[in-house]
Amino acid sequence: MYTHPRLSSTWIAFLFVCIVGCSPKNAIFLDPNFQLTNINKITVLPVVDVRVDTSIAVNMEKQIREKVMYLLKAKGYRTTLSDSLGDVGLITEDILKSSKPQFIRRLGPPQDRWIMVLMLIDVAQEIKITSNPTGIAEVAGFLFDKEKGVITWRDKGISKVSDVVGGLFPIAWAMVWGMDEQAISVAMDNLMSSFPENEAPDSKEVRPRFPR
Amino acid sequence: MTKSFTQRKALDSKLNILVLKPFLKFERLGDESTLSASIYRGDAIETNLTIAAIHEVELRHLIPIDSRNQSNNTLLAVCNQLQSLSPQLSSGQISNQTHSLLKLLDTLIGHHAILVQYLKVKVGPDASRTIYTFSGTSSHFQATLISCVTGEVLWNNEVLLRDLPKVNNSNFTESIKLLFKSFPNGTE
């Protein structure tokens, strides 16, 4: 069967993005007792934007929070949203990485135990007539156990999405729609691929019936 | 290349500015594994950043002091401790430990402020090995001026360069210029 070379390269690129974005990986940090812990509900706090380059407008709610809520449900976790980061002041990646129990206990609503903080570290795109449109993104995620005052899971998600076909149509498409949304979406998949599945018996009730 | 957050105040021209050795961190994009600075000519970058900072301070009619040239062992030890705290200082985190170090510095040398520089480099996949031009590599330059007397952040700025910091590259020089563009002048 004849396959147009450009068509096949598109599929290769698509598969590459899927493999890189979705295949499980090891988290930067994961509590060895994570699987033994019964996480009844995860509270997802507002996304922290720590970008230096803020030239791209990002809908944090839709592109990051909604996505992580879906991914957590797909892994069998109950989730809830919070509109407040808590009484913590400035939050940076370095502050969260080295956070002390007193700091962790002030994150999010006082009554909630399992707190997830997501960070958008970088998103950029390069759309030139001379090269293929490319988008990159970097996100970070933290799961805190407020009762113990510790980090339970921490990881980063990165992505690079590119149209390898080339030509004017993909460039025009990228100029109108951008490559940033795809880049963030793939980075979120990459981030959450290291988050363990909930193996509790009642977790099946939470999982969406029709995966997207 | 992008310039971001800036805070600007006029400074007392009698204020001496102790320029600390820059803190360099090279890590792999995505997994945070540390990479050796020597692979990327870390020493040359460090020297360039220090010289550039001293030059920029002089241009503002302020008095720079190079922490590398100090002979007092206590002073050197304090400088080294503060330099190791550069990542925290650059994000405005002044802990009790930092406060006591700044107080000690104030008693040792008097009317001073410290200039902290922190360069965090995230190295992405080698762009030359792929068909893409955008590798995700970035150099995040941060500079912070802190009063030794009050522990207050007098000025800070940051610049993102989407490339490796290459000493002889015009983008590197331009990034440093951008970083110090808003550095306050000394007033009479």
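Residues numbered from 1 in each chain as written. Chains lettered and ligands numbered in written order. Predicted model: local features only at pLDDT ≥ 70, side-chain atom pairs only at ≥ 80, totals over all residues. Heavy atoms only, no water.

(A) Structural view of the overall build of chain A. Helix and strand content of chain A: six helices and seven strands. Listing the helices and strands of chain A from first to last along the sequence gives α-β-β-β-α-β-α-α-β-β-β-α-α. In chain A, which comprises 212 residues, the share counted as buried stands at 52%. Of the roughly 10,900 Å² of accessible surface on chain A, 59% is carried by carbon and sulfur atoms. (Helix = DSSP H or I, 4+ residues; strand = E, 2+ residues; numbered from the N terminus. Buried < 20%, exposed > 50% of the residue type's maximum accessible area, 1.4 Å probe, protein only. Areas by Shrake-Rupley, 256 points an atom, 1.4 Å probe, with all protein chains shown as cover.)

(B) Representation of the pattern of salt bridges in the model. What the rule picks out here adds up to 23 salt bridges over all chains. Its salt-bridge partner being A:Arg113, residue A:Asp145 comes within 2.8 Å of it at the nearest N-O pair. Of this pair, A:Asp145 sits in strand E6 (residues 134-145) while A:Arg113 sits in the loop between helix H4 (101-104) and strand E5 (114-126), and the two are 32 residues apart along the sequence. A relative accessible area of 2% means that A:Asp145 is categorised as buried. On the basis of relative accessible area, A:Arg113 is assigned to the partly exposed category, the value being 26%. Notably, a salt bridge pairs B:Glu27 with B:Lys25, separated by 3.8 Å at the nearest N-O pair. Each member of the salt-bridge network shares a partner with another, and the members are A:Glu93, A:Asp94, A:Lys97, A:Glu138, A:Arg154, A:Lys156, B:Lys25, B:Glu27, B:Glu32 and B:Lys122. (Salt bridge = Lys/Arg side-chain N within 4 Å of Asp/Glu carboxyl O.)

(C) Main features of the environment of A:Val48. If you trace the backbone, A:Val48 turns up in strand E3 (residues 48-49). Sequence-wise, A:Val48 and A:Ser159 are 111 residues apart; in three dimensions their C-alpha atoms are separated by 19 Å.

(D) Inspection of the interface of chain A and chain B at higher detail. If you look at the interface, chain A gives 25 residues, while chain B gives 26 residues. Where chain A packs against chain B, one counts seven salt bridges. For the salt bridge of B:Lys122 with A:Glu138, the shortest nitrogen-to-oxygen distance reads 3.2 Å. At the surface where chain A touches chain B, the tally comes to five residue pairs in polar contact (both at pLDDT 80 or more). Listed by contribution, the elements that provide at least two residues to the side of chain A that touches chain B are helix H3 (93-97), E5, E6 and strand E7 (150-162) of chain A. Of all the elements, E5(A) adds the most residues to the side of chain A that touches chain B, at six residues. Each residue belonging to the side of chain A that touches chain B can be placed in one class, and the counts come to ten nonpolar, five polar and ten charged. (Contact = heavy atoms within 4.5 Å. Polar contact = N/O pair within 3.5 Å; in protein donor to acceptor, adjacent residues only side chain to side chain. Nonpolar A, V, L, I, M, F, W, Y, C, P; charged D, E, K, R; others polar.)

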